[in-house]
Amino acid sequence: QVQLIESGGGLVQAGDSLRLSCVASGGTFSSYQMGWFRQAPGKEREFVGGISWSGGSTYYADSVKGRFTISRDNAQNTVYLQMNSLKPEDTAEYYCAARTTRLYSTIGTYPSQYTSWGQGTQVTVSS
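Residues numbered from 1 in each chain as written. Predicted model: local features only at pLDDT ≥ 70, side-chain atom pairs only at ≥ 80, totals over all residues. Heavy atoms only, no water.

Here's the deal with the sheet that holds strand 3 (residues 18-25)
Sheets are built from strands paired through backbone hydrogen bonds, the pairs being either parallel or antiparallel. Reading across the sheet, the 4 strands line up as 1-3-8-7 and stay open at both edges, with antiparallel pairing between neighbours. Taken across any chain shown, the strands that pair with only one partner, and hence form the sheet edges, are strand 1 (3-7) and strand 7 (68-73). Between one strand axis and the next, the sheet turns through 15° on average, direction left out of account. (Pairing = 2+ DSSP bridges. Helix = DSSP H or I, 4+ residues; strand = E, 2+ residues; numbered from the N terminus. Axes fitted to C-alpha atoms, helices over the stretch in contact; angles between N-to-C directions.)

Set out below in C-alpha cells:
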C-alpha cells in the first residue's frame with residue numbers, strides 16, 4: 001500500500017496561484033494512476049483531476065479545467081497540482097489519491113475507485 005503526503009496548501013487571495021505536491025512512498029509510484037480530490041465543509045469529496053501512470057493522459061473536472069494542471073515526476077515519486085486563477089469556491093481540503101489500474105484505463109473520477117489517500121492539505125482562497 002502506497003503512503004501519500006500532500007503539501008503546499010495555504011491562504012491566498014482570489015486570482016493567486018498555488019502548487020500542491022504529493023509525495024508517495026512504499027509502493028511502485030509509476031504503476032499508480034493518481035487523482036486529486038477536494039472537500040469543502042459540509043460537502044462531499046469531489047474529483048478535481050487525475051493523471052495516468054505515465055503522465056500521458058489527464059482529465060479534469062469542468063470547474064477547474066483551464067485553471068488547474070496535474071503533472072507527475074515518476075523519478076521523484078511526486079504528483080503536482082498547479083492551481084492558477086484561484087477562486088473563493090476553490091477553498092477546500094485537497095487530497096491526493098492513488099489506484100492501480102489496467103494499462104489503458106480511463107481516469108477514475110470517484111473516490112471509491114482509489115485505494116490510497118493522503119491526509120490532505122488546506123487551501124483557502126479569500127475574495
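Section: the environment of Ser105
Relative to the helices and strands, Ser105 resides in the loop between strand 9 (92-100) and strand 10 (116-117). Take Ser105: its relative accessible area is 27%, and that puts it in the partly exposed class. For the pair Ser105 and Pro41, spaced 64 residues apart in sequence, the C-alpha to C-alpha distance is 31 Å. (Buried < 20%, exposed > 50% of the residue type's maximum accessible area, 1.4 Å probe, protein only.)

Observations regarding the pairing of strand 1
Of the two faces of strand 1, the one lined by Leu4 and Glu6 is fully buried and the one lined by Gln3, Ile5 and Ser7 carries no buried residue. Here 5 bridges tie strand 1 to strand 3, and the two strands are oriented antiparallel to one another. Residue Ser7 lies in a different strand from strand 3, and its bridge partner there is Ser21.

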